[in-house]
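# Descriptive analysis of the structure
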Amino acid sequence: QVQLVESGGGLVQAGGSLRLSCAASGDSFSRYSMGWFRQAPGKEREFVSAISRSARTIHNADSVKGRFTISRDNAKNTVYLQMNSLKTEDTAVYYCNMKVRGTPGYWGQGTQVTVSS
């Protein structure tokens, strides 16, 4: 039973930056791809970014390409999301996800990111 804990959210001005972290419990972290999703008020949860178990493969949503960077440190059981050039439309609750083939995987509790104009 994996536990994921996000941190690093907050309130920033448009154009600013934030770095989100997601720490995973257990010793199986390096066996799974990890991802970030977000859900804005009144909208469906959407995919943001994902990284393979070895960090060889990365996928980003078109809306964040060139601005957000996902990374992971398997020795620390942690995945990061560096968010630069933030826009008001990036305002959302950001969720960490561990992809487990054939199952719903695991989800963190979410961390709020608010970008003001």
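This text goes with the structure placed above it.
Below: a short report on this structure. This structure is a prediction, so every number in the text was calculated from the model and none was measured.

## Regarding a positive patch on the surface
Positive charge collects at one region of the surface, where Arg31, Arg53, Lys99 and Arg101 lie side by side. Position of Arg53 relative to the elements: it lies in the loop between strand 5 (46-51) and strand 6 (58-60).

## Digging into the environment of Met34
Here Met34 is to be found in strand 4 (residues 34-39). Taking C-alpha positions, Met34 is 14 Å from Ala75, a pair spaced 41 residues apart along the chain.

## Focus on the pairing of strand 8 (residues 78-83)
Counting buried positions along strand 8 yields 5 of 6 residues, so the element is predominantly enclosed. Two strands pair when backbone bridges link them, and strand 3 (residues 18-24) and strand 8 are joined in this way by 6 bridges, in the antiparallel orientation. Within the sheet, the bridge partner assigned to Ser21 lies in strand 8 and is Tyr80. Across 6 bridges, strand 7 (residues 68-73) lies against strand 8 in antiparallel orientation. Bridge pairing links Thr69 to Gln82 in strand 8. Hairpin remark: strand 7 followed by strand 8, antiparallel, with 4 residues in the connecting loop; positive phi at Asn77, about 55 degrees.

## Details of the packing of aromatic side chains
By the definition in use, this model includes 2 aromatic pairs. Pairing Phe37 with Phe47 gives two aromatic rings, centres 5.6 Å apart and planes at 75 degrees, and the pair type is edge-to-face. Of the two residues, Phe37 sits in strand 4 while Phe47 sits in strand 5, which places them 10 residues apart along the sequence. Clustering of aromatic rings is evident, with ring pairs tying together Phe37, Phe47 and Trp107. A cation over a ring is seen here: Arg45 above Tyr95, with NZ or CZ 3.7 Å from the ring centre.

## Looking at the nonpolar core
By size, the foremost hydrophobic cluster in this structure holds 29 residues, and its most contacted members are Met34, Trp36, Val79, Leu81, Met83, Tyr94 and Met98. Elements with a contribution of two residues or more to this core: strand 3, strand 4, strand 5, strand 7, strand 8, strand 9 (92-98) and strand 11 (111-116).

Reading the values: rules and limits
Residues numbered from 1 in each chain as written. Predicted model: local features only at pLDDT ≥ 70, side-chain atom pairs only at ≥ 80, totals over all residues. Heavy atoms only, no water. Patch = residues over 30% accessible without salt bridge, like charges linked within 9 Å, V, L, I, M, F, W, Y side chains within 5 Å. Areas by Shrake-Rupley, 256 points an atom, 1.4 Å probe, with all protein chains shown as cover. Salt bridge = Lys/Arg side-chain N within 4 Å of Asp/Glu carboxyl O. Lys, Arg positive; Asp, Glu negative; His and termini not counted. Charge placed at Lys NZ, Arg CZ, Asp CG, Glu CD. Helix = DSSP H or I, 4+ residues; strand = E, 2+ residues; numbered from the N terminus. Buried < 20%, exposed > 50% of the residue type's maximum accessible area, 1.4 Å probe, protein only. Pairing = 2+ DSSP bridges. Phe/Tyr/Trp six-rings, centres within 6.5 Å; stacked < 30°, edge-to-face > 60°. Lys NZ or Arg CZ within 6 Å of the ring centre and 35° of its normal. Core = buried A, V, L, I, M, F, W, Y, C linked by side-chain atoms within 4.5 Å.

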